Structures are given as C-alpha cells and as structure tokens.
Amino acid sequence: MKAGFAKFTIGQVVKHRLFEFRGLIFDVDPEFDNTEEWWLSIPEDIRPRKDQPFYHLFAENAESEYIAYVSEQNLVPDPSAEPLRNPLIEEMFDRDERGLYRAKPILAH
C-alpha cells in the first residue's frame, strides 16, 4: 500500500458514520478484498464503493465486541479518548498514557 493512500491508520480509533459502533483499526486493504456475497449482503442504498480503502477493526457496540470490515467512506475519527474493551486489542496493541494505541512489536520465529 502506498504511503498516504489511506485516510486512517493502524492503531487509530474510529466510529461508523451510520451505525452505533466504534473500533480500533488493525489492518487496511487498499481496496475491497472480501467476498462478493459479503458485499451484496449490504443493502444497495448504503452499499459502499469497492474502489476505496477498507479497514479491519476490533469493533464494539453497547452489546458486544467483534471484528468488522468497513469502507473508508463509512468511518470518521472517534475523538472520545474512551478506552476500547475488545479483548483482542491487548494481544496486538499497547495503550500509552495519552490513550493512544500503538502496535506491539512482532516477534519473528
């Protein structure tokens, strides 16, 4: 992926523009990279374009924690600074004293 291509970065907290959930970005696809079945399952009136970055999120809403795949057009920054509770986050990220998430160093075997 080219530097500066994606609007959001790994470790950034974002929220969905249409639905009530927020999450931490842990991976970015430069353009849509999921199944056609998944894409067609989105109602046509809100189905995103495929020619944009898509983000993998450790997501959560009021009821649960899960993994989400979201188009750039449907994300906005989350300025709340509230910690996220998705238990998968602590496996890949540390949270600093300012509340920012930083990817943990990966150990190669």
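Residues numbered from 1 in each chain as written. Predicted model: local features only at pLDDT ≥ 70, side-chain atom pairs only at ≥ 80, totals over all residues. Heavy atoms only, no water.

Another point: the overall build of the chain. Tallying secondary structure elements over the chain gives 2 helices and 7 strands in all. Each principal axis of the C-alpha atoms in the chain carries an extent, and together these give about 40 × 35 × 25 Å. A burial count over the chain gives 38% of its 109 residues as buried. For the chain, the share of sequence-separated contacts (at least 6 apart) that also reach a separation of at least 24 residues comes to 52%. On the chain, roughly 7200 Å² of surface is accessible, and the fraction owed to carbon and sulfur atoms is 53%. (Helix = DSSP H or I, 4+ residues; strand = E, 2+ residues; numbered from the N terminus. Buried < 20%, exposed > 50% of the residue type's maximum accessible area, 1.4 Å probe, protein only. Contact = heavy atoms within 4.5 Å. Areas by Shrake-Rupley, 256 points an atom, 1.4 Å probe, with all protein chains shown as cover.)

Another point: the layout of surface pockets. If you roll a probe as big as a water molecule over the atoms, it shows you where there is empty space left. By volume, the largest pocket amounts to about 250 Å³. Every residue lining the largest pocket is counted, 16 residues in all, and those nearest its centre are Gly11, Gln12, Val13, Gly99 and Leu100. For the lining of the largest pocket, the per-class residue count stands at 5 nonpolar, 5 polar and 6 charged. Its volume calculated, the second largest pocket comes out at about 210 Å³. No other element matches the 3 residues that strand β4 (residues 65-71) contributes to the lining of the second largest pocket. (1 Å grid on protein atoms, 1.4 Å probe; cavity = no way out; pocket = protein on both sides within 12 Å on 5 of 7 lines; lining within 4 Å. Points joined across faces, edges and corners; volume = space filled by probe spheres on them. Nonpolar A, V, L, I, M, F, W, Y, C, P; charged D, E, K, R; others polar.)

Turning our eyes to something else, we now look at the environment of His16. Mapped onto the elements, His16 comes out in strand β1 (residues 13-16). Judged by its relative accessible area of 11%, His16 is buried. For the pair His16 and Phe26, spaced 10 residues apart in sequence, the C-alpha to C-alpha distance is 15 Å. Contact partners of His16, with chain neighbours within four places excluded, come to Phe21, Val70, Asn74 and Leu75.

With the rule as written, the count across this model stands at 8 aromatic pairs. Ring centres of Phe54 and Tyr69 lie 5.2 Å apart, and the angle between their planes is 25 degrees; on these two criteria the pair is classed as stacked. Of the two residues, Phe54 is situated in strand β3 (residues 54-60) and Tyr69 in strand β4; the sequence distance between them amounts to 15 residues. Tyr69 gets classed as buried once you look at its relative accessible area, which sits at 12%. Here the aromatic cluster, defined as three or more aromatic residues joined through ring pairs, consists of Phe32, Trp38, Phe54 and Tyr69. One cation-aromatic arrangement involves Arg47 over Trp39; the distance from NZ or CZ to the ring centre is 4.9 Å. The side chain of Lys50 reaches across the aromatic face of Trp39, ending 4.4 Å from its centre. (Phe/Tyr/Trp six-rings, centres within 6.5 Å; stacked < 30°, edge-to-face > 60°. Lys NZ or Arg CZ within 6 Å of the ring centre and 35° of its normal.)

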